[in-house]
Amino acid sequence: AGVEALYSILESTGHKMKNESWKQVIEAISSVPSMEHSSSDWADSCQTGFRCLKLIVDDFLEDAASAARSTLLDCCSTFGRSRQDVNTSLTAIGLLWTIADQDAGTESVERALAKLVLLASDTRPEARNCSVN
């Protein structure tokens, strides 16, 4: 219920969020797939958490990335490593590429590429291939 509420807040008022808020929200989202559970409620929370991440990258990337780029990259990487759903992992890897493309700054691109290099050693062929393509 908490992650669903967060999604609703982002959807309705994400455009009003300020710098430090982005970091806290992204850290909260990042903690969802890193918890080890196997219940269907947890799986639903992971999917909702990922919807939050995707909403941030799709609609609020400029604001969120300027305030919390490193945290955002970590969150994408966490979902990319998640074993919950391969499609979530592949989409998270695509989000890393989106963030890298958004900012031409060398340091930012290097951080995104470092995350992609880690994901390129994933045991799942789909994730490995997506990381390097």
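For the structure given in this document, a descriptive report is provided here. This structure is a prediction, so every number in the text was calculated from the model and none was measured.

Let us now look at the overall build of the protein chain. Check the secondary structure of the protein chain and you find six helices and zero strands. Of the regular secondary structure in the protein chain, the N- to C-terminal order runs α-α-α-α-α-α. The C-alpha radius of gyration computed for the protein chain amounts to 14 Å, which stays within 12% of the reference 14 Å derived for 133 residues, consistent with globular compactness. A principal-axis box enclosing the C-alpha atoms of the protein chain has dimensions of 40 × 35 × 20 Å. Considering only contacts within the protein chain whose residues lie at least 6 apart along the sequence, 67% involve residues at least 24 apart. Roughly 6900 Å² of accessible area belongs to the protein chain as shown, and the carbon and sulfur atoms make up 50% of that amount.

Compared with the 24 Å implied by 1.5 Å per residue over 17 residues, the 24 Å span of helix α4 (residues 86-102) between its first and last C-alpha is a close match. Those residues of α4 that sit buried are Thr88, Ser89, Ala92, Ile93, Leu95, Leu96, Ile99 and Ala100. Seen along its axis, α4 keeps its buried residues to an arc of 150°; they face one direction. Next to the buried residues of α4 lie α3 (40-81), α5 (106-119) and α6 (125-132).

The subject of this paragraph is the pattern of salt bridges. Going through the model one piece at a time under the given rule, you end up with six salt bridges. Asp122 is paired through a salt bridge with Arg124; the nearest N and O atoms lie 2.9 Å apart. Of the two residues, Asp122 and Arg124, both sit in the buried class. Within this structure, Arg83, Asp122 and Arg124 form a network of salt bridges that share partners.

Another aspect to go through is the nonpolar core. With 38 residues, the main nonpolar core has Leu10, Trp22, Ile26, Ile29, Leu53, Ile56 and Leu72 as its most contacted residues. Of all elements in the fold, only α1 (2-13), α2 (19-34), α3, α4 and α5 reach the threshold of two or more residues within this core. A per-element tally of this core places α3 first, with 18 residues. Apart from the residues within four sequence positions on either side, Ile56 is in contact with Leu10, Trp22, Val25, Ile26, Ile29, Leu61, Ala64 and Leu72.

Tracing the backbone through its elements, the reader meets Ser89 in helix α4. Look at Ser89 and you get buried, because its relative accessible area is 0%. For Ser89, the residues in contact, after removing those within four places along its chain, are Phe79, Gly80, Ser82 and Arg124.

Another aspect to go through is the packing of α3 against α5. Put simply, α3 and α5 touch, their axes get as near as 10 Å, and they point 15° apart. Between α3 and α5, the angle falls in the class roughly parallel. Between α3 and α5 lies a crossing whose hand is right-handed. Facing Arg69, Ser70, Leu73, Asp74, Ser77, Gly80 and Arg81 of α3, the residues of α5 in contact are Ser108, Arg111, Ala112, Lys115 and Leu119. Residue classes in the contact of α3 with α5 are distributed as three nonpolar, four polar and five charged.

Rules and cut-offs
- Residues numbered from 1 in each chain as written.
- Predicted model: local features only at pLDDT ≥ 70, side-chain atom pairs only at ≥ 80, totals over all residues.
- Heavy atoms only, no water.
- Helix = DSSP H or I, 4+ residues; strand = E, 2+ residues; numbered from the N terminus.
- Rg over C-alpha atoms; globule rule 2.2 N^0.38 Å.
- Contact = heavy atoms within 4.5 Å.
- Areas by Shrake-Rupley, 256 points an atom, 1.4 Å probe, with all protein chains shown as cover.
- Expected span 1.5 Å × (residues − 1).
- Buried < 20%, exposed > 50% of the residue type's maximum accessible area, 1.4 Å probe, protein only.
- Arc of directions from axis to C-beta.
- Salt bridge = Lys/Arg side-chain N within 4 Å of Asp/Glu carboxyl O.
- Core = buried A, V, L, I, M, F, W, Y, C linked by side-chain atoms within 4.5 Å.
- Axes fitted to C-alpha atoms, helices over the stretch in contact; angles between N-to-C directions.
- Parallel < 35°, antiparallel > 145°, perpendicular 65-115°, else oblique.
- Left-handed = near helix turned anticlockwise from the far one by under 90°.
- Nonpolar A, V, L, I, M, F, W, Y, C, P; charged D, E, K, R; others polar.

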